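Residues per chain, in single letters:
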Amino acid sequence: MTELQIESDSGSESDIDDKEDTEIGENDFDYVLMGCGSFGFSVLKELQKRGKRVLAVDSSKERVEVLKDQDYNAVIGDISDEDFLLSFDYNKINVVFVLTPNHELNKRVITKIRSISRSVFIIARAPSSKEKEELEFAGADAVITPSIAMTKMAVETLNRLETLRRVRNFKEVLNSMKDSRLAIFTHDNPDPDALSSAMALKEIAKNMGIEADIIYFGEISHQENKAMVNLLNIEVIKGDEVDLSKYQKFALVDSSAIGVNNSIPKSITLNIVIDHHPAENVKAEFVDIRENVGSTATIMTNYMVELNMVPSRILATALFFGIKSETDEFKRNARTQDFLASATLYPYVDHDLIEKMEGPAISYETLDVLGTAIKNREVYPPVLISFAGFINEKDAITQAADYLLKLEGISTVLVFGVVKDVVHLSARNIDVRINIGDILRRAFGDVGSAGGHAHSAGGQIPLGIFGEITEKDVLSRLIKEAVKKRFLNALGIEGSE
Ligand SMILES: [Mn+2]
């Protein structure tokens, strides 16, 4: 065994004799696989398929011949013979697989190889987890138990079957809708998860020849949701403006039942319900509620995959945005399935659109409020206070507060403005010594409602407490002085007049 000759080409049948069959190539193999029975062979096959350079060792002459016939590198060898084990140069081998079904033999082989080389990586086979430790003790770096692997595979197959059954049911229910018009409801004030899920269901239905519309109650008012509908050109119908008797079938996404965060009429009977919020006793022909995913868009992406549907750029962008926003950039309740679905969608996503939806254009009103807040600022370093006046969008106050916090030397900001007959307050803080939520509560808790967290807080004061004044200038001055005084007092700062 000292004569080491590279044996990579099995040559023709007649070339093979016992001597050649027992020669071990030098420098030539990254992996040596000892014990090439049915288990060892499946590992060998997999490694070869992945382009690994593997040498198979087996004591059976017939088996080695069969392997060589199939273009595998194989030698006959008795691994119970210490001299044979010594004939390898373990410095040049990455991994030795010890995979015979004989546990005692595997243990002896591992012990011997480990005594020759401390560094070579050894992967061994154990009949069950009981023997695993023994092999690790003998020096194996990793131990595989085929029975456990089989169990895992069986469970995976079962999961796979469940998915297949679910998809089949889904298709059956959709097929039964062929001559109907389908209404796809979302919850009220639909968010990106609800909207994108409805879009996906509409697309799947369309693919099966079913006409469908997306219907919602409430408002799409948040600028991010509004931007999504506009930028992706999503066709959505307001529930109050449609004759529901036009529809024969009804689906609900991102909510599980009528009345749960939605204003769908009680008279409707749902045919399809797909959601990720925990729910019990959900009734419909087809129900898919998965609590182990972070978004309904993830479930819908899975259906697209199972149905071999490639999402359009717009749909992929919507679903990706749905998952991303529902999981708050994968920070909130994001699960493996959500990452996998996102990865599936990623190549089709229009990232420019995502960016636009995340940072939608500022409305003129917001810009005006921002302008007023900048102009009216009063600075008591490091505190900034600003009255934004009488405005329509209370969201603009929050945005002004966020913006003013960027000012050099400023760590605490309060912006307030009057919307209808309420003074809205929005505060931001990056000073670690201050809990702005507590400050607002202390300053305004007795005249209105206020509170929040250490970094951001808000509050509302009804205008009524300022009496019957209708003159805007006078009212403005009153509000400004009162709010400023209370806020600075709570902060322990002397306000200058
Ligand atoms: Mn959702």
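Just so it is clear, the structure is predicted and the values come from calculations on it, not from any experiment. (Residues numbered from 1 in each chain as written. Predicted model: local features only at pLDDT ≥ 70, side-chain atom pairs only at ≥ 80, totals over all residues. Heavy atoms only, no water.)

1. Re the pattern of salt bridges
One pass over the structure, following the stated rule, counts 28 salt bridges. For Glu82, the salt bridge is made with Lys112, and the minimal N-O distance between the two is 3.2 Å. Taken together, the residues Glu82 in helix α4 (residues 82-86) and Lys112 in helix α5 (residues 103-116) connect sequence positions 30 residues apart. Using a relative accessible area of 45% as the deciding quantity, one classes Glu82 as partly exposed. Lys112 gets classed as buried once you look at its relative accessible area, which sits at 19%. Residues Glu378 and Lys484 are paired through a salt bridge, measuring 2.8 Å at the closest nitrogen-oxygen approach. Here Glu378, found in strand β13 (residues 378-380), pairs with Lys484, found in helix α17 (residues 472-491); they are 106 residues apart in sequence, far enough to count as distant. One connected set of salt bridges, linked through shared partners, spans Glu46, Lys49 and Arg50. (Salt bridge = Lys/Arg side-chain N within 4 Å of Asp/Glu carboxyl O. Helix = DSSP H or I, 4+ residues; strand = E, 2+ residues; numbered from the N terminus. Buried < 20%, exposed > 50% of the residue type's maximum accessible area, 1.4 Å probe, protein only.)

2. Re the confidence of the model for the protein
In this model, the protein carries a mean pLDDT of 89, and residues with pLDDT of at least 70 account for 94%. Confidence drops under a pLDDT of 50 for residues 1-19, and excluding neighbours within four residues, the segment shows 30 contacts in the predicted structure. (pLDDT = per-residue confidence, 0-100. Contact = heavy atoms within 4.5 Å.)

3. Some points on α5
Here α5 is 14 residues long and its end C-alpha atoms lie 20 Å apart, about the 20 Å a rise of 1.5 Å per residue gives. Along α5, the positions that sit buried rather than exposed are His103, Leu105, Asn106, Val109, Ile110, Lys112, Ile113 and Arg114. As for α5, its buried residues are in contact with β1 (31-34), α4, β4 (95-98), β5 (121-125) and α6 (129-138). (Expected span 1.5 Å × (residues − 1).)

4. As for the pairing of β1
In β1, alternate side chains face the same way, and those of Tyr31 and Leu33 on one face and Val32 and Met34 on the other are all buried. Two strands pair when backbone bridges link them, and β1 and strand β2 (residues 54-58) are joined in this way by four bridges, in the parallel orientation. Across the sheet, the residue bridging to Val32 is Leu55, located in β2. One ladder, built from four bridges, connects β1 with β4; its direction is parallel. Among the inter-strand pairings, Val32 is bridged to a residue of β4, identified as Val96. (Pairing = 2+ DSSP bridges.)

5. A word on the domain arrangement of the protein
You can read the domains of the protein as domain 1 (13-144), domain 2 (166-358) and domain 3 (364-491). Centre-to-centre, using C-alpha coordinates, domain 2 lies 38 Å away from domain 3. (Domains from an automatic or database assignment.)

6. Let's talk about the packing of helix α8 (residues 192-207) against helix α11 (residues 313-326)
Running from amino to carboxyl end, α8 crosses α11 at an angle of 145 degrees, the nearest separation of the two axes being 8 Å. Where α8 crosses over α11, the handedness of that crossing is left-handed. In this structure, α8 contributes Pro192, Asp193, Ser196, Ser197, Met199, Ala200 and Glu203 to the contact, and α11 contributes Ile314, Leu315, Ala318, Leu319, Phe321, Gly322, Ser325 and Glu326. Tallied by class, the residues present in the contact of α8 with α11 amount to eight nonpolar, four polar and three charged. (Axes fitted to C-alpha atoms, helices over the stretch in contact; angles between N-to-C directions. Left-handed = near helix turned anticlockwise from the far one by under 90°. Nonpolar A, V, L, I, M, F, W, Y, C, P; charged D, E, K, R; others polar.)

7. Observations regarding the sheet that holds β1
Taken in spatial order, the six strands make up an open sheet running β3-β2-β1-β4-β5-β6, and their pairing is parallel. Strands with a single pairing partner mark the edges of an open sheet, and in this sheet they are β3 (73-76) and β6 (142-144). Neighbour-to-neighbour, the strand axes of this sheet turn through a mean angle of 20 degrees, independent of strand direction.

8. Structural notes on the sheet that holds strand β10 (residues 249-253)
Hydrogen bonds between backbone groups are what pair the strands of a sheet, and the pairing can be parallel or antiparallel. Taking strand neighbours across the sheet as the criterion, the six strands line up as β9-β8-β7-β10-β11-β12 in an open arrangement whose pairing is parallel. Only two strands of the sheet have a single neighbouring strand rather than two, namely β9 (236-238) and β12 (286-289). Within this sheet the neighbouring strands show an average axis-to-axis angle of 25 degrees, counted without direction. One ladder, built from three bridges, connects strand β8 (residues 211-216) with β9; its direction is parallel. Bridge assignment links Ile215 to a residue of β9, and that residue is Ile237. Along the sheet face, helix α7 (residues 146-175) touches β11 (272-275) and β12 and points at about 140 degrees away from the line of β12.

9. Some points on the coordination of the manganese ion
Those protein atoms acting as donors to the manganese ion are Asp193 (OD), Asp254 (OD), His276 (NE2) and Glu326 (OE), and they sit at 2.1 to 2.4 Å. In the primary structure, the donors to the manganese ion are separated according to the pattern D-x60-D-x21-H-x49-E. With Asp193 in helix α8 and Asp254 in the loop between β10 and β11, this residue pair connects regions lying 61 residues apart in the sequence. Judged by relative accessible area, which is 0%, Asp193 ranks as buried. (Donors = N, O, S within 2.8 Å, 3.2 Å for Na, K, Ca; no water.)

10. Some thoughts on the nonpolar core
Residues Phe170, Ile204, Ile272, Ile274 and Tyr303 are the most contacted members of the largest nonpolar core, which totals 50 residues. With residues near it in sequence (within four places) discarded, Ile204 still touches Phe170, Leu174, Met300, Tyr303, Met304, Leu307 and Met309. If you look at the next biggest cluster of nonpolar residues, it comprises 29 residues, including Val383, Ile385, Phe416 and Val447. (Core = buried A, V, L, I, M, F, W, Y, C linked by side-chain atoms within 4.5 Å.)

11. Quick word on a nonpolar patch on the surface
On the surface, Ile362, Tyr364 and Leu367 cluster together to form a nonpolar patch covering roughly 380 Å² of accessible area. If you trace the backbone, Leu367 turns up in helix α14 (residues 364-375). With a relative accessible area of 48%, Leu367 lands in the partly exposed category. (Patch = residues over 30% accessible without salt bridge, like charges linked within 9 Å, V, L, I, M, F, W, Y side chains within 5 Å. Areas by Shrake-Rupley, 256 points an atom, 1.4 Å probe, with all protein chains shown as cover.)

12. Some details on the packing of aromatic side chains
Counted by the stated rule, this structure contains 12 aromatic pairs. Judged by centre distance (4.4 Å) and plane angle (40 degrees), the rings of Phe170 and Tyr303 are tilted. Taken together, the residues span a long stretch of sequence, with Phe170 in helix α7 and Tyr303 in helix α10 (residues 296-306) at a distance of 133 residues. Judged on exposure class, the residue Phe170 and its partner Tyr303 are both buried. Arranged with centres 6.3 Å apart and planes meeting at 65 degrees, the rings of Phe286 and Tyr303 form a pair that is edge-to-face. Taken together, the positions of Phe286 in strand β12 and Tyr303 in helix α10 put the pair 17 residues apart, joining distant regions of the chain. Relative accessible area serves as the criterion here: at 1%, Tyr303 is assigned to the buried category. An aromatic cluster is present here, built from Phe84, Phe88 and Tyr90 joined pairwise through their rings. The lysine or arginine in question, Arg290, covers the ring of Tyr303, its NZ or CZ lying 5.5 Å from the ring centre. Residue placement shows Lys472 over the ring face of Phe390; its charged tip is 4.6 Å from the ring centre. (Phe/Tyr/Trp six-rings, centres within 6.5 Å; stacked < 30°, edge-to-face > 60°. Lys NZ or Arg CZ within 6 Å of the ring centre and 35° of its normal.)

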